[in-house]
Amino acid sequence: MSNTLKTQLAFAVIALLLVIIGLVQSWNVSLGILNLCLISAVMALGVNMQWGYAGLLNVGVMGFAALGGMSAVLVSQAPIAEAWQASWVRMLIAALCFAATIAVSIVCYRKLAAGRNRNLALALVIIGGLALTRFFFDPAVTAIESIEPAKTGFLGGMGLPIIFSWGFGGIVAAGIAWCIGKVALGLRADYLAIATLGISEIILAVLKNEDWLTRGVKNVTGLSRPVPYEIDLQTTTWFIDFIRWWHSGALVVLNEAEQPAALKQFVIDGSSIFVKLCYTGLFAGVLVVILLLSVKALNSPWGRMMRAIRDNEIAAGAMGKDVTRRHLQIFIIGSAVIGVAGAMLTTLDGQFTPTSYQPLRFTFLIWVMVIVGGSGNNMGSVLGGFLIWLVWIEAEPIGVWLMAFGTGWLDESNAIRIHLIENAQHMRLFFMGLVLLLVLRFSPGGILPEVVRKQGS
Amino acid sequence: MEAITDFVSAIVLLLNFIVVPGLSYGSQLALGALGITLVFGILRFANFAHGDTMAFGTMMTILVTWWLQSKGVNLGPLPTALLALPAGIAATILLLVVTDKTVYRYYRHSKAVPVTFMIASMGVMFMTNGIVRFVIGPNDQRFLDGERFIVSARNFKSMTGLSEGLSIKVSQGLTIVVAIILVALLFWFLQKTRTGKAMRAYSDNEDLALLSGVDPDRVVLVTWIITAILATIAGTLYGLDKSFKPFTYLQLLLPMFAAAIVGGIGNPIGAIVGGYVIAFSEVMVTYAYKKVFVYLLPQSLEPQGLLQLLSTDYKFAVSFVILVLVLLVRPTGILKGKVL
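Residues numbered from 1 in each chain as written. Chains lettered and ligands numbered in written order. Predicted model: local features only at pLDDT ≥ 70, side-chain atom pairs only at ≥ 80, totals over all residues.

A.B. asks: Help me understand the overall build of chain B in this model?
C.D. replies: Each helix and strand in chain B was counted, giving 13 helices and 2 strands. The C-alpha radius of gyration of chain B comes to 22 Å, within 12% of the 20 Å expected for a compact globule of 340 residues. A principal-axis box enclosing the C-alpha atoms of chain B has dimensions of 70 × 55 × 35 Å. (Helix = DSSP H or I, 4+ residues; strand = E, 2+ residues; numbered from the N terminus. Rg over C-alpha atoms; globule rule 2.2 N^0.38 Å.)

In structure tokens, the structure reads:
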């Protein structure tokens, strides 16, 4: 079976599954899953760039997704004028002190000869600089957090439409990725994996504790939206007219008295589906743009160079390719894509909750998507994103149903039965691991393996 | 006289909040890191499933502990979990041997690259995590019984007449004692027995060891058995000391990796050193020193702030920063381990 046919078939199956969910459960559920499938596909594309193109093992996906979420807050929230007023001088001085510390320590590192003197000087500069920074920073933070701590207590954001945060999230993630890449990319695969795992935990620790930035664990709720609100739609004339026209067949058969109530229900259902469809359109647009760019990049000379580096670093280096620079480049690009996806996710949720970022869901699940879909193949990653998210979500009701069915012969109040049904949702982790291991063992290339073009074909 | 009392009080304060917790947490980390380092030395991959192996072993121990408690069996002042440990270890050995036979052996025989092993270990991590959550649920479980303190703060105060108390929990004392015994046994095994020597030879140079007639399957089997023993005991001790929650054990993976690498990965002594280095730096950096200085300095120089370098929530950051520093300055770790 050719790869193109396989791709079409695989996506047809996904579409069919979504339609079945729409018919059996509801279209609302189906569209909700589709939206998250799209976001997962973007994240998987980002990981695929790093792992599939360049062979970089980034186990810090969660951190970059969280950075994207943070930028959604920083872009969309209105600035808190009082907090800025109370703290901007100190904040500025603290930022300058911090920057100066880094600059001076870099100069020390470069100019002084290696040895005990340099280590001593570096330690002095860093400790002194950080102490000075905190001297200005701590009172500023106290000042910010004391302003209406129950409602705001942070600096707020830029007050721009939230859709700008998708680009901004990518930029923030790229910037942090540059810092990390500079330090960690010289390491071999195993160390890089552990290092990125650690960095994602640190990013989360910062987001949870720096209340002045994103309110920490107090969460930011009620983010603005790029699409209309359901409640507004329900009172908009054109929308009600549209729903009346759409459901005219169903409304006609009802008598006069029943019509308004039925119409109202249709409008409520319709508005939530309409909002989800708007999101679907936006996310699909982003996915298509990123996908097209990645396909173009992978087939370009640049993509060939990346694969050459992945397959044999030494040979590529001997051919004059700057392996370290290329690694840094692809690490930044991939992380930026993950950041974009993270911002889209927070936009969809409408709130930023740092505690909801967990490595199993945000790092390792994305990895399952890439491996199962097919590493090195862009369409494969998109497919993996769709498929794995579908299974991840639907495994819960199916698992509970299976458990209820399988233990049907036990009494309703049987402790074992209750335990099994209550905990059935956790079996999806087991199932994901099983899928990953089976694919890795029997079809290491994934569902849609990488296409290797030989010369002349 | 007052100066001396103040000085002793400051020392007691440090003992109570830094030395005792650091020693017990460090021992737990060291036992965990030993498992990671052994798997790395023999099987040559970074085992992401290790945290969940610990969780699995602890879960089995907890289940047997509950069963024993329901039968009215206990160890008096010591926690019943000690009695349940052998059963937990047996179950964990079974789990690890089965995963090796079904997952890792294939890659070993096909000479796969370490990264493939690592991704496979992620799959194993998912599955083990799923089993643990399915059986015992995602919530906190406490299973400590028996005496709570060896020395309680109040007794210490009334004994010495100091204003600062020193408390040592049974679980902390137990951790340190068990860790010493276990490490001594491990080193005796690695240095003195035939199998131990075979393991070291295999880790040092696989081909040479094979030529000398070392049975690779046996070496791998023994490695997994030792890893299971270490992981179950480390997990149970951690659970007794703090509490058992599957998610916490997943998070322990990072400090354990850091400990193994900082000490020098593949080097058992390094894992122990690394465990204490990580534990003590976490505790020391996140401790608020104000009270210590209040005792030590004259009243006029009393510090204003808490004198806490970082808030406690940054403890993961500490282990990671040390990890990065060591990787940059001395990639082989404090004691020379293998370079990856």
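There is more to say, and it comes next.
A.B. asks: Help me understand the overall build of chain A in this model?
C.D. replies: Counting its secondary structure elements, chain A contains 19 helices and 0 strands. Projected onto its principal axes, the C-alpha positions of chain A cover 90 × 65 × 50 Å. Per-residue burial for chain A yields a buried fraction of 41% across its 457 residues. Taking the intrachain contacts of chain A between residues at least 6 apart in sequence as the baseline, contacts between residues at least 24 apart amount to 82%. (Buried ≥ 20, exposed ≤ 12 C-beta atoms within 10 Å, placed from the backbone. Contact = placed C-beta atoms within 7 Å.)

A.B. asks: Is there a simple way to think about the environment of Phe 156 of chain B in this case?
C.D. replies: All names here are of chain B. As for its position among the elements, Phe 156 is in helix α5 (residues 153-160). Overall, Phe 156 belongs to the partly exposed group, with 19 C-beta atoms counted inside 10 Å. Between the C-alpha atom of Phe 156 and that of Ser 167, which follows or precedes it by 11 residues, the distance is 7.4 Å. Here Phe 156 is in contact with Val 151, Gly 165, Leu 166 and Ser 167, once residues within four sequence places are set aside.

A.B. asks: How should the interface of chain A and chain B be read in this particular structure?
C.D. replies: How big an interface is tends to be expressed through the accessible area that disappears when the partners come together. Each partner contributes to the interface: chain A provides 34 residues, whereas chain B provides 34 residues. If you list the elements that add at least two residues to the side of chain A that touches chain B, you get α7 (189-209), α16 (359-373) and α19 (427-442) of chain A. Considering every element that reaches the side of chain A that touches chain B, the biggest residue donor is α7 of chain A, with 13 residues. The residue makeup of the side of chain A that touches chain B, split by class, is 24 nonpolar, 5 polar and 5 charged. (Nonpolar A, V, L, I, M, F, W, Y, C, P; charged D, E, K, R; others polar.)

A.B. asks: Would you take a moment to explain the nonpolar core for this structure?
C.D. replies: Soluble, globular proteins show a tendency: their nonpolar side chains are buried together. Residue and element names in this part refer to chain A. Counting residues in hydrophobic clusters, the biggest one holds 207 residues, and the most contacted among them are Val 42 and Ala 65. The element best represented in this core is helix α2 (residues 27-53), accounting for 16 residues. What Val 42 contacts, discounting residues up to four positions off in sequence, is Val 286, Leu 287, Ile 290, Val 337, Val 340, Ala 341 and Met 344. In terms of nonpolar packing, the next biggest core, distinct from the first, is built from 11 residues, Cys 97, Phe 136, Phe 137 and Leu 155 among them. (Core = buried A, V, L, I, M, F, W, Y, C linked by C-beta atoms within 7 Å.)

A.B. asks: What am I meant to see in the domain arrangement of chain A here?
C.D. replies: Residues and elements named next belong to chain A. The domain architecture assigned to chain A consists of domain 1 (3-79 + 156-228 + 268-442) and domain 2 (80-155). Between the C-alpha centres of domain 1 and domain 2 there is a distance of 33 Å. On the domain 2 side, the residues contacting the 7 residues of domain 1 number 11 residues. For the side of domain 1 that touches domain 2, the per-class residue count stands at 3 nonpolar, 2 polar and 2 charged. (Domains from an automatic or database assignment.)

A.B. asks: What am I meant to see in unusual backbone geometry here?
C.D. replies: Notably, Arg 215 of chain A is not glycine yet its phi reads approximately 65°, a positive angle. The residue Arg 215 of chain A is located in the loop between α8 (211-214) and α9 (230-233) in this model. On the basis of neighbour counts, which here come to 24 C-beta atoms within 10 Å, the residue Arg 215 of chain A falls in the buried class. Backbone geometry places Arg 44 of chain B, a non-glycine residue, at a positive phi of 65°.

A.B. asks: Can you walk me through the environment of Leu 182 of chain B in this structure?
C.D. replies: All names here are of chain B. For Leu 182, the location among the structural elements is in helix α6 (residues 170-192). Measuring from C-alpha to C-alpha, the distance between Leu 182 and Ile 229 comes to 9.5 Å, with 47 residues separating the pair along the chain. Contact partners of Leu 182, with chain neighbours within four places excluded, come to Leu 31 and Ile 233.

A.B. asks: What is the right way to look at the confidence of the model for chain A in this model?
C.D. replies: Caution applies to low-pLDDT regions: their predicted coordinates should not be interpreted in detail. Here chain A averages 88 in pLDDT, while 99% of its residues score no lower than 70. Confidence, read as mean pLDDT per element, is least for helix α18 (residues 415-423) of chain A in chain A (81) and greatest for helix α15 (residues 323-349) of chain A (95). (pLDDT = per-residue confidence, 0-100.)

A.B. asks: Sorry if this is basic, but what is going on with the environment of Phe 266 of chain A here?
C.D. replies: Residue and element names in this part refer to chain A. Relative to the helices and strands, Phe 266 is located in helix α12 (residues 259-299). Considered as a pair, Phe 266 and Ile 106 are 160 residues apart in the sequence and their alpha carbons are 64 Å apart. If we ignore the near neighbours within four places in the chain, the residues touching Phe 266 are Ile 243 and His 247.

A.B. asks: How should I be thinking about helix α7 (residues 194-204) of chain B in this particular structure?
C.D. replies: Structural remark: α-helix, 3.6 residues per turn; residues separated by three or four positions point the same way. Residue and element names in this part refer to chain B. Within α7 the residues assigned to the buried category are Met 199, Tyr 202 and Ser 203. Relative to the axis of α7, the buried residues are bounded by an arc of 95° and lie together on one face. Counted as exposed and oriented over 90 degrees from the buried face of α7: Arg 194 and Asp 204. Tucked inside the fold, the buried residues of α7 contact α1 (2-43), α6, α8 (206-211) and α9 (216-241). (Arc of directions from axis to C-beta.)

A.B. asks: What exactly am I supposed to notice about the packing of α7 of chain A against helix α10 (residues 246-263) of chain B here?
C.D. replies: Packed helix pairs are characterised by how far apart their axes lie and by the angle those axes make with each other. Two elements in contact, α7 of chain A and α10 of chain B, have axes whose closest approach is 10 Å; the angle formed by their N-to-C orientations is 135°. Comparing the axis directions of α7 of chain A and α10 of chain B gives the class oblique. Regarding α7 of chain A and α10 of chain B, the two cross each other, and that crossing is left-handed. For the pair α7 of chain A and α10 of chain B, contact is made by Ile 194, Leu 197, Gly 198 and Glu 201 of chain A and by Leu 254, Phe 257 and Ile 261 of chain B, respectively. (Axes fitted to C-alpha atoms, helices over the stretch in contact; angles between N-to-C directions. Parallel < 35°, antiparallel > 145°, perpendicular 65-115°, else oblique. Left-handed = near helix turned anticlockwise from the far one by under 90°.)

A.B. asks: Any chance you could explain the packing of helix α2 (residues 50-70) of chain B against helix α3 (residues 81-109) of chain B here in plain terms?
C.D. replies: Residue and element names in this part refer to chain B. Contact geometry of α2 with α3 gives a least axis separation of 7 Å together with a crossing angle of 140°. By the angle class used here, α2 and α3 are oblique. Note that α2 runs across α3; the crossing there is right-handed. Contacts between α2 and α3 involve Thr 53, Phe 56, Gly 57, Met 60, Thr 61, Val 64, Thr 65 and Leu 68 from the first element and Ala 81, Leu 83, Ala 84, Leu 85, Ala 87, Gly 88, Ile 89, Ala 91, Thr 92, Leu 95 and Leu 96 from the second.

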